[in-house]
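# Chains, contacts and geometry: an overview
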Amino acid sequence: MKKAVYSDRELMELAIEARKYAYAPYSGELVGAALLSEDGEVFKGCNIENAAYSPSNCAERTAVFKAVSSGVRSFSAIAVAGGRGGSVSGMYPPCGVCRQVLREFCPDPSKFRIILGKPDDLRIFTLEELLPESFGPENLE
Ligand code: THU
């Protein structure tokens, strides 16, 4: 889905919408993410758990992998919403693995925004703040 501008609140509402498809029979945590590309496209993702536990995938990585496998690699923001059943908890910060996966496609982590909280009470961070002194592709050059 694509339109000229998405507000932070709209992105959070899309992240909440994405929770609808969460497959989380083991933890019961329903997580959704809405990833905004630099050209204004939104990729939604949910968490997908597995009976063997470790193959489980977080909502954020589902969204990143959907985008990258569709040919999109430049991003400006992600909203994340999670919680049990119908309720969305106050803040659902991305796990360390997801922060690192986001970093791969964010050459300047101070410019990528992470939108947390509830639509009426958003908290905005940068990837730089949540993953300081990060390791990225340029460290292998
Ligand atoms: N989870 C996410 O989808 N995103 C996060 O950043 C944190 C955790 C999922 C993984 C697992 O399915 C459930 O939430 C409980 O950890």
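Refer to the structure printed above.
What comes next concerns the included structure. (Residues numbered from 1 in each chain as written. Predicted model: local features only at pLDDT ≥ 70, side-chain atom pairs only at ≥ 80, totals over all residues. Heavy atoms only, no water.)

## Details of the nonpolar core
- Among the nonpolar cores identified, the biggest contains 22 residues, and Leu-35, Ile-78, Leu-102, Phe-112, Ile-114 and Leu-127 are the most heavily contacted of them.
- Sorting the residues of this core by element identifies β1 (29–37), α2 (59–68), β3 (75–84), α3 (96–104), β4 (113–118) and α4 (127–130) as the ones contributing at least two each.
- Counting residues per element, this core draws most heavily on α2, which supplies four residues.
- Contacts of Ile-78, omitting those with residues within four sequence positions, involve Ala-33, Ala-34, Leu-35, Glu-60, Leu-102, Phe-112, Arg-113, Ile-114 and Ile-115.
- Ranked by size, the runner-up nonpolar core spans 13 residues in total, among them Met-12, Ala-15, Ala-34 and Ala-77. (Core = buried A, V, L, I, M, F, W, Y, C linked by side-chain atoms within 4.5 Å. Buried < 20%, exposed > 50% of the residue type's maximum accessible area, 1.4 Å probe, protein only. Helix = DSSP H or I, 4+ residues; strand = E, 2+ residues; numbered from the N terminus. Contact = heavy atoms within 4.5 Å.)

## Overview of a nonpolar patch on the surface
- A cluster of nonpolar side chains, contributed by Tyr-23, Tyr-26, Ile-48 and Tyr-53, occupies part of the molecular surface with about 450 Å² of accessible area.
- Within the secondary structure, Tyr-26 sits in the loop between α1 (8–18) and β1.
- Since its relative accessible area comes to 41%, Tyr-26 is described here as partly exposed. (Patch = residues over 30% accessible without salt bridge, like charges linked within 9 Å, V, L, I, M, F, W, Y side chains within 5 Å. Areas by Shrake-Rupley, 256 points an atom, 1.4 Å probe, with all protein chains shown as cover. Salt bridge = Lys/Arg side-chain N within 4 Å of Asp/Glu carboxyl O.)

## Some details on the sheet that holds β1
- An order of β2-β1-β3-β4-β5 is seen for the five strands of this open sheet, with the pairing classed as mixed. The open sheet is flanked by β2 (42–46) and β5 (121–126), the only strands paired with a single partner. The mean inter-strand angle of the sheet, taken between neighbouring strand axes irrespective of direction, is 20°.
- For β1 and β3, the ladder comprises nine bridges, and the chain directions are antiparallel. The partner of Ala-33 across the bridge, within β3, is Val-80.
- Along the sheet, α1 makes contact with β1, β2, β3, β4 and β5, crossing β3 at roughly 45°.
- Strands in contact with α2 are β1, β2 and β3; relative to β2, the strand with the most contacts, it is inclined by about 140°. (Pairing = 2+ DSSP bridges. Axes fitted to C-alpha atoms, helices over the stretch in contact; angles between N-to-C directions.)

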